[in-house]
Amino acid sequence: MSSKITRKKGQSGRAVGVQCVQCGKMVPRDKAVEKRKSVLPLDRRLRELLKKQGAYLSSGRSIVYYCVSCAKHRKYV
Ligand SMILES: [Zn+2]
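Keep in mind it's a predicted model, so treat the numbers as computed, not measured.

The next subject is the overall build of the protein chain. Scanning the protein chain for helices and strands turns up 2 helices and 4 strands. Here the protein chain holds 77 residues, and 10% of them are scored as buried.

Here we come to helix 1 (residues 44-52). Taking burial as the measure, the 9 residues of helix 1 include 0 buried ones, a minor fraction of the element. Looking one or two residues beyond helix 1, the residue adopting positive phi is glycine 54, at roughly 90 degrees.

Turning next to the nonpolar core. Membership of the largest hydrophobic core is limited to 8 residues, which are Val18, Val27, Ala32, Tyr65, Tyr66, Cys67, Cys70 and Ala71. Counting residues per element, the ones that place at least two in this core are strand 4 (61-66) and helix 2 (68-73). Beyond its immediate sequence surroundings of up to four residues, cysteine 67 is in contact with Cys20, Cys23, Lys25, Val27 and Ala32.

Counting through the fold element by element, valine 64 comes out in strand 4. Residue classification places valine 64 among the partly exposed positions, given that 15 C-beta atoms sit within 10 Å. Taking the C-alpha atoms as reference, valine 64 lies 9.6 Å from alanine 32; in sequence the two are 32 residues apart. Every residue in contact with valine 64, bar those within four places of it in the chain, is listed here: Val21, Lys35 and Lys37.

Secondary-structure assignment places tyrosine 76 in the segment after helix 2. Sequence separation between tyrosine 76 and lysine 35 is 41 residues; the distance between their C-alpha atoms is 8.7 Å. In contact with tyrosine 76, other than residues within four places in its own chain, are Val33, Lys35, Tyr66 and Ala71.

Reading guide: rules and limits
- Residues numbered from 1 in each chain as written.
- Predicted model: local features only at pLDDT ≥ 70, side-chain atom pairs only at ≥ 80, totals over all residues.
- Helix = DSSP H or I, 4+ residues; strand = E, 2+ residues; numbered from the N terminus.
- Buried ≥ 20, exposed ≤ 12 C-beta atoms within 10 Å, placed from the backbone.
- Core = buried A, V, L, I, M, F, W, Y, C linked by C-beta atoms within 7 Å.
- Contact = placed C-beta atoms within 7 Å.

Take a look at the structure:
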């Protein structure tokens, strides 16, 4: 008996989906348009204080994804 463990679609193999922040559609990662956003939600002094206390702070950069149609609409492509 042979079990089907691997299932590859095309050459890309595993297609990781990301969600478009604009319309919420799931798009494959290689198709989605990646946008980097730099957000600093906290005050710098407050961030340093939190760091001293050992809290984990993200680097302040977040990556958002847009589907092709939304990216086109926003002229990202
Ligand atoms: Zn979209």
